[in-house]
Amino acid sequence: MIPTNEMPAMVAKTMTGGAQCAIAGGYTSNHNTTRPASQPRETPKQWAQRYASTVPASMAVVPVKFGTKKPTVLGDDWQDKAPRGGDVQAVSWLWRKTGHNIGLLVGPDHVVLDEDELAYLRRFGVEPGKLRTPTAQSQSGSFHFWFKHPGVDLPASIGARYDADGNRIPRTGADVLTGNKQVLVQPSIVQRADGSIGRYQWLDGLSIFDVEPAELPAALLTALLALMQPRCDHKPAQPRPDG
């Protein structure tokens, strides 16, 4: 546990109380004071060491500025500097003060659906607890679903809708994260725009330590691949009549 006197005030409050409510898998949450009921209290350093000893070398464990989503601890080229899976020694050194959030660089072998509209993903059978694949609740209350990468190019998002000016409408579809994209993981916490605290947490029994990423559901993969097909915005030229 990080000593309270080493944490920002907005973080210290989350460790000491608050109304709670039950969520899937035996967690208790008000989106800022949650701990998985079945797991011991571990420092961020211990969590980072567990990730390093679990994830493959195609992924990286990223130190992220405490209370934020910013991977600024390593400076520029942080994707290249972050220790790869298996490098527990480097992770132990980076988290020696136990004060960083934790990000995972998804890598080329995996894909994460960062859900913005759960109702849209349900049509493909993707919802919390239904699939035996790593699933986490983010600080906003939405979900991250981890899958094996299918080995083909994928779009950056699916199901997103846009207004007349071309701006993406909030809370539509899902982002498709792979390669050098980062995903924050438990026990990271961030301060939201309204000043409240949000926490990242794995669903009970569906952490990256518990299950392997599953294959993308067939219907979802078909929909993703359809988005990669070239589109023709012009009608084919009509033959000119004789004469």
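Cut-offs and rules
Residues numbered from 1 in each chain as written. Predicted model: local features only at pLDDT ≥ 70, side-chain atom pairs only at ≥ 80, totals over all residues. Heavy atoms only, no water. pLDDT = per-residue confidence, 0-100. Contact = heavy atoms within 4.5 Å. Salt bridge = Lys/Arg side-chain N within 4 Å of Asp/Glu carboxyl O. Helix = DSSP H or I, 4+ residues; strand = E, 2+ residues; numbered from the N terminus. Buried < 20%, exposed > 50% of the residue type's maximum accessible area, 1.4 Å probe, protein only. Phe/Tyr/Trp six-rings, centres within 6.5 Å; stacked < 30°, edge-to-face > 60°.

Caption draft 1: Main features of the confidence of the model for the protein. For the protein, mean pLDDT is 82; residues scoring 70 or higher make up 77% of the total. Note that pLDDT drops below 50 for residues 1-38; the model gives that stretch 71 contacts with residues more than four away or on any other chain. Residue range residues 233-243 is modelled with pLDDT below 50. Its contacts to residues more than four positions away, or to other chains, number zero contacts.

Caption draft 2: Region of the structure containing the pattern of salt bridges. Counted by the stated rule, this structure contains eight salt bridges. Between Arg171 and Asp116 there is a salt bridge, and its shortest N-O distance comes to 3.4 Å. Residue Arg171 is found in the loop between β7 (157-158) and β8 (174-185), and its partner Asp116 is found in the loop between β4 (101-115) and α5 (118-122); the two are separated by 55 residues along the sequence. By relative accessible area, Arg171 is classed as partly exposed at 45%. Asp116 gets classed as buried once you look at its relative accessible area, which sits at 18%.

Caption draft 3: The packing of aromatic side chains, seen in detail. Overall, the coordinates contain six aromatic pairs when judged by the stated rule. Summarising the aromatic geometry, the rings of Tyr51 and Phe209 are spaced 4.9 Å apart at their centres and angled 35 degrees between planes, so their arrangement reads as tilted. Taken together, the residues Tyr51 in helix α2 (residues 44-54) and Phe209 in the loop between β11 (201-202) and α6 (218-227) connect sequence positions 158 residues apart. By the ring-pair criterion, three or more aromatic residues cluster together here, those being Trp47, Tyr51 and Phe209.

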